[in-house]
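Here is how the chains run, residue by residue.
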Amino acid sequence: MNKLKIPPKIEKDFEANSKVTFTNNPPEYLLAVAREYGEIVRFSFGPFRFMLVSNPDMVREVLITQAKKFPKAERDVRLLSRVLGKGLVTTNGDHHKRQRRLAQPAFHHRRIASYADTISEYARITADKLSAGSTINIVEEMESLTMYIVSKTLFDVDMDEMVGKSTDIAHAIDELQTIADKNMDRIVNLPYWFPTRDNRRNWRARNILDSTISKIMDDRRQASIDGVAADTGDLLSMLMMAEDEDGSSMDDVEIRDQLLTLFMAGHETTSNALLWTWYLLSQHPEVEAKMHAEIDEVLDGRLPTMEDLSSLTYTEMVLKESMRILPPVWMLNARKAIEDTEILGYHVPKGTQIFVAPYVIHNLEENYPNPSEFDPERFNPENAEQIHKYAWLPFGAGGRVCIGNSFAMMEAKLILATYAQRFRFRLDPTESVRLQARITMTNYQGMQMQVVGRDFDGDDIDHVFEPDRVEVI
Ligand code: HEM
């Protein structure tokens, strides 16, 4: 047997000379590490041992070929379950497989397709409220829209009902994200039952979300006939009706945690994908013009439908390129080797945590020439064939690939097409890009953008995206 290689270790000199650190700028730090050390590199943080893997063939080993040896690290799972309960994101092994089997039918192509008209209609209603010449926080705009959409499609709760509650819910989510982030950064966390200040904040925020979801479930049970929930066309009905191979179904806590997970995973990610797409379009008027031409030709002023999506090919290329350069999930949950193993000739000791970071893989010259250039043509059918299957990972890969990926692509395209028929967005002169790399990657305190009519010309763009100039919070 060939002798296994030991991956290089990050040297003290590199740390000392690096402009950015893991604490103040994790995405750019890991990118710099991968550029310096190559496809696999090891480092430690307190008692934890890590490896960053950025070669797509190695990614395939971790997420697919040897996935059984690399479940999600239990620390990530434990800390995230304080936010999400024990749903799809925060379970491993057989428990996860059962949940995935039960949830999968809710994401069947035909079921998802039935939500297209709701999405376009909701996008129209929110776009109707905008006026050219105003300035908006595009993060808030996209977040509330995607929250309305996920509430309607998950639980059949109408937009009008959500409008009053959405601020409280958004605040609770923000709290949970902030605390989760702090917990991830700490080497040691006190148990969840211990009344630390952050745990108490976490309990309060979870209470708001749990009680909102429990109320929705109670209402649905009351509306059921002989204890059988009616199919109201939403994902909740599918989860309530789902039966496993042995005839068992999800109990109330499982359904609640699943809904919480889908609600949380299902709107901020899409909203951040849209944030970065609007931002990148604002910096590249030539791309924007081409996308407008396609949308105008396909739709001729009407709202987009499911049938139009296959004709909006350039719009899809824009979205894919945006999620390449600024992936909303910038790093997957850490995986952990549960036994001594190897990755393509490198020794990986038991207990090592593996980082797979889409932001890093997507911004390496080896995977994408001129990676900081925003060029949707990379994803035209001919060029896309040249891209390694595991070099484009905004939705992850393998058995834990995003269950909502088709939903998200459909939703984002419909929203882009609806808004772009009427408006463009331009970065407000007071605004700058301040990447905030939490569980998802957003802009710190949102992004102020000017709403401009489609007849606007005379772009004066001076905020071009250059990762080195980007301040990271
Ligand atoms: C642009 C939007 C989205 C992005 C970029 C995104 C990204 C991701 C990624 C990268 C993962 C894998 C994480 C890992 O392997 O550690 C994931 C998992 C997941 N996503 Fe998404 N997601 C998006 C939209 C959605 C939507 C709309 C839903 C549901 C309505 C959703 C629900 C989930 C769930 C439940 C998982 C866990 C799957 C499992 O472990 O079996 N996501 N997502």
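Just so it is clear, the structure is predicted and the values come from calculations on it, not from any experiment.

(A) Focus on the site of the ligand. Around the ligand, the structure places 28 residues, and the nearest of them are H96, R100, R335, R400 and C402. Every element with two or more residues in the shell around the ligand is listed here: α5 (93–103), α12 (252–283) and α17 (405–420). For the shell around the ligand, the leading source of residues is α12, giving six residues.

(B) How the structure looks around the pattern of salt bridges. A complete count under the given rule lists 30 salt bridges for this structure. One salt bridge in this structure joins K152 and D156, with 2.9 Å as the shortest N-O distance. By sharing partners, the salt bridges in this structure join R98, R101, D244, E245 and E254 into a single network.

(C) Quick peek at the nonpolar core. Counting 143 residues, the largest nonpolar core has W278, Y419, F425 and M447 as the members making the most contacts within it. In terms of residue count, the dominant contributor to this core is α12 (14 residues). Leave out the neighbours within four places in its chain, and W278 touches I138, M142, I415, L416, Y419, A420, F425 and M449.

(D) Molecular detail of the sheet that holds strand β3 (residues 135–137). Across the sheet, three strands lie side by side as β3-β11-β8; this open sheet has antiparallel pairing. Taken across any chain shown, the strands that pair with only one partner, and hence form the sheet edges, are β3 and β8 (423–427). Going from strand to strand, the sheet's axes swing by 40° on average, the running direction of each strand aside. Of the strand pairs in this sheet, β3 and strand β11 (residues 448–453) are connected by three bridges, and their pairing is antiparallel.

(E) Region of interest: the side chain of E254. Within the secondary structure, E254 sits in helix α12. At a separation of 3.1 Å, a polar atom in the side chain of E254 contacts the side chain of R98. Those residues in contact with E254, other than ones at most four positions away along the chain, are H95, R98 and S249.

(F) Highlighting helix α13 (residues 285–299). Compared with the 21 Å implied by 1.5 Å per residue over 15 residues, the 20 Å span of α13 between its first and last C-alpha is a close match. Phi turns positive, to about 50°, at D300, one or two residues after α13.

(G) Geometry of the packing of aromatic side chains. Applying the stated rule across the entire model yields 18 aromatic pairs. Between W278 and F425 the ring centres are 4.9 Å apart and the planes differ by 70°, which places this aromatic pair in the edge-to-face class. In this pair, W278 is assigned in helix α12 and F425 in strand β8, connecting sequence segments 147 residues apart. The same class applies to W278 as to F425, namely buried. Joined through ring pairs, the aromatic side chains of F14, F22, Y29, Y37, F43, F45, F48, F50 and F355 make up one cluster. Directly above the ring of Y346 sits K5, whose terminal nitrogen or CZ lies 4.5 Å from the centroid. Over the face of the ring belonging to W392 we find K320, whose NZ or CZ atom lies 5.8 Å from the ring centre.

(H) Highlighting the environment of Y115. The topology assignment puts Y115 in the loop between α6 (109–113) and α7 (116–128). A relative accessible area of 4% means that Y115 is categorised as buried.

(I) Local environment of the coordination of the iron atom of the ligand. Here the protein supplies the iron atom of the ligand with just one donor, C402 (SG), and that contact is 2.3 Å long. Mapping C402 onto the fold places it in the loop between α16 (381–384) and α17.

(J) Focus on the packing of helix α4 (residues 74–84) against helix α10 (residues 197–222). Two elements in contact, α4 and α10, have axes whose closest approach is 9 Å; the angle formed by their N-to-C orientations is 45°. The angle between α4 and α10 places the two elements in the oblique class. Between α4, through S81, R82, V83 and L84, and α10, the contact on the second element is made entirely by N199, N202 and R206. For the contact of α4 with α10, the class distribution of residues is two nonpolar, three polar and two charged.

(K) How the structure looks around the sheet that holds strand β7 (residues 353–355). Taken in spatial order, the four strands line up as β1-β2-β7-β4 in an open sheet, and their pairing is mixed. Looking at strand neighbours, the two that pair on one side only are β1 (40–45) and β4 (335–336), the edges of this open sheet. One ladder, built from two bridges, connects β4 with β7; its direction is antiparallel. Bridging across to β7, R335 finds its partner in I354.

Definitions and cut-offs
- Residues numbered from 1 in each chain as written.
- Predicted model: local features only at pLDDT ≥ 70, side-chain atom pairs only at ≥ 80, totals over all residues.
- Heavy atoms only, no water.
- Near = heavy atom within 4 Å.
- Helix = DSSP H or I, 4+ residues; strand = E, 2+ residues; numbered from the N terminus.
- Salt bridge = Lys/Arg side-chain N within 4 Å of Asp/Glu carboxyl O.
- Core = buried A, V, L, I, M, F, W, Y, C linked by side-chain atoms within 4.5 Å.
- Buried < 20%, exposed > 50% of the residue type's maximum accessible area, 1.4 Å probe, protein only.
- Contact = heavy atoms within 4.5 Å.
- Pairing = 2+ DSSP bridges.
- Axes fitted to C-alpha atoms, helices over the stretch in contact; angles between N-to-C directions.
- Polar contact = N/O pair within 3.5 Å; in protein donor to acceptor, adjacent residues only side chain to side chain.
- Expected span 1.5 Å × (residues − 1).
- Phe/Tyr/Trp six-rings, centres within 6.5 Å; stacked < 30°, edge-to-face > 60°.
- Lys NZ or Arg CZ within 6 Å of the ring centre and 35° of its normal.
- Donors = N, O, S within 2.8 Å, 3.2 Å for Na, K, Ca; no water.
- Parallel < 35°, antiparallel > 145°, perpendicular 65-115°, else oblique.
- Nonpolar A, V, L, I, M, F, W, Y, C, P; charged D, E, K, R; others polar.

Everything listed is a geometric property; what it means functionally is a separate question.
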